Amino acid sequence: AQTVTQSQPEMSVQEAETVTLSCTYDTSENNYYLFWYKQPPSRQMILVIRQEAYKQQNATENRFSVNFQKAAKSFSLKISDSQLGDTAMYFCAFFGGSEKLVFGKGTKLTVNP
Amino acid sequence: DTAVSQTPKYLVTQMGNDKSIKCEQNLGHDTMYWYKQDSKKFLKIMFSYNNKELIINETVPNRFSPKSPDKAHLNLHINSLELGDSAVYFCASSQELGALNTEAFFGQGTRLTVV
């Protein structure tokens, strides 16, 4: 069974600085997707960034980028130039052949002014 | 247009009651899910349907029964509600693995409070 581990329950960062959220996963599959979802206090689940396992190039979306290490089964999220609106829960998720989206336990990120 | 919509947004009910949460997606996806988010924010999958067929049924009490009348709808019916059922329930849908730009789209969640 796939598992997703986020080892940082909470993190904080100063506005305009950079922060990295960690995620590791375990799977025997070769074809899968990895995601980072953001859940602000509004409760809505928002896709931040997506990575296909077959792509070696790390995905980037504006201030958000990932460091995908397939052999190490690591998928960290880097947020550059942090903004107050980035304050939220961040969930790492795995989507593989079982067609099941499995989430980590989340990291609560607080951006301080 | 809301891609995945679930109703109601809030639900407060007494123990022992039966309630339903409805979910609809207008994205043409084949797969739909129900997740439960507990007070610690942990998102746990409950059910997954593909083209109206149940494909994932995690260890969920049989008081919870999903119903998929068509592939655009996946409703969740809960019998004999218990205090421990209080949580936020999310509906989601996705394309199949390998589809271009695969991602899961979520509804806004239903906060269920059992008193």
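Located above this text is the structure these notes cover.
Residues numbered from 1 in each chain as written. Chains lettered and ligands numbered in written order. Predicted model: local features only at pLDDT ≥ 70, side-chain atom pairs only at ≥ 80, totals over all residues. Heavy atoms only, no water.

Participant: Looking at this structure, I do not really get the nonpolar core. What am I missing?
Facilitator: Nonpolar side chains tend toward joint burial in soluble globular proteins. Residue and element names in this part refer to chain A. By size, the foremost hydrophobic cluster in this structure holds 26 residues, and its most contacted members are Tyr 25, Trp 36, Phe 75, Leu 77 and Tyr 90. Those elements that place two or more of their residues in this core are β3 (19-21), β5 (33-39), β6 (46-52), β8 (64-69), β9 (74-79), β10 (88-95) and β12 (107-112). In terms of residues, this core owes the most to one element, β10, which gives four residues. Beyond its immediate stretch of four places on either side in the chain, Leu 77 contacts Val 19, Thr 20, Leu 21, Trp 36, Val 48, Ile 49, Phe 64, Ser 65, Val 66 and Tyr 90. (Core = buried A, V, L, I, M, F, W, Y, C linked by side-chain atoms within 4.5 Å. Buried < 20%, exposed > 50% of the residue type's maximum accessible area, 1.4 Å probe, protein only. Helix = DSSP H or I, 4+ residues; strand = E, 2+ residues; numbered from the N terminus. Contact = heavy atoms within 4.5 Å.)

Participant: Just to check I follow, could you spell out the packing of aromatic side chains for this structure?
Facilitator: Any aromatic ring pair is given by two values, namely how distant the centres are and how the planes are angled relative to each other. Within this structure, the stated rule accounts for 16 aromatic pairs over all chains. Ring centres of A:Phe68 and A:Phe75 lie 6.3 Å apart, and the angle between their planes is 85°; this geometry places the pair in the edge-to-face category. A single burial state applies to A:Phe68 and to A:Phe75, both of which are buried. Aromatic ring contacts, followed pair by pair, group A:Tyr33, A:Phe35, A:Tyr37, A:Phe91, A:Phe103, B:Tyr33, B:Tyr35, B:Phe90 and B:Phe106 into a single cluster. The side chain of A:Arg43 reaches across the aromatic face of B:Tyr10, ending 5.2 Å from its centre. Its end group placed over the ring of B:Phe42, A:Lys105 keeps NZ or CZ at 5.7 Å from the ring centre. (Phe/Tyr/Trp six-rings, centres within 6.5 Å; stacked < 30°, edge-to-face > 60°. Lys NZ or Arg CZ within 6 Å of the ring centre and 35° of its normal.)

Participant: Before we go on, may I ask you to explain the pattern of salt bridges in this structure?
Facilitator: Inspection of the entire model under this criterion finds six salt bridges over all chains. We note a salt bridge from B:Glu103 to A:Arg50, for which the minimum N-O separation is 3.0 Å. Linking B:Glu103 in the loop between β9 (87-94) and β10 (104-106) with A:Arg50 in strand β6, this pair reaches from one chain into another. One salt bridge in this structure joins B:Arg63 and B:Asp85, with 2.8 Å as the shortest N-O distance. Note that B:Arg63 is positioned in the loop between β6 (53-57) and β7 (64-70) and B:Asp85 in the loop between β8 (73-78) and β9, a separation of 22 residues in sequence. With respect to class, B:Arg63 is no different from B:Asp85; both count as buried. (Salt bridge = Lys/Arg side-chain N within 4 Å of Asp/Glu carboxyl O.)

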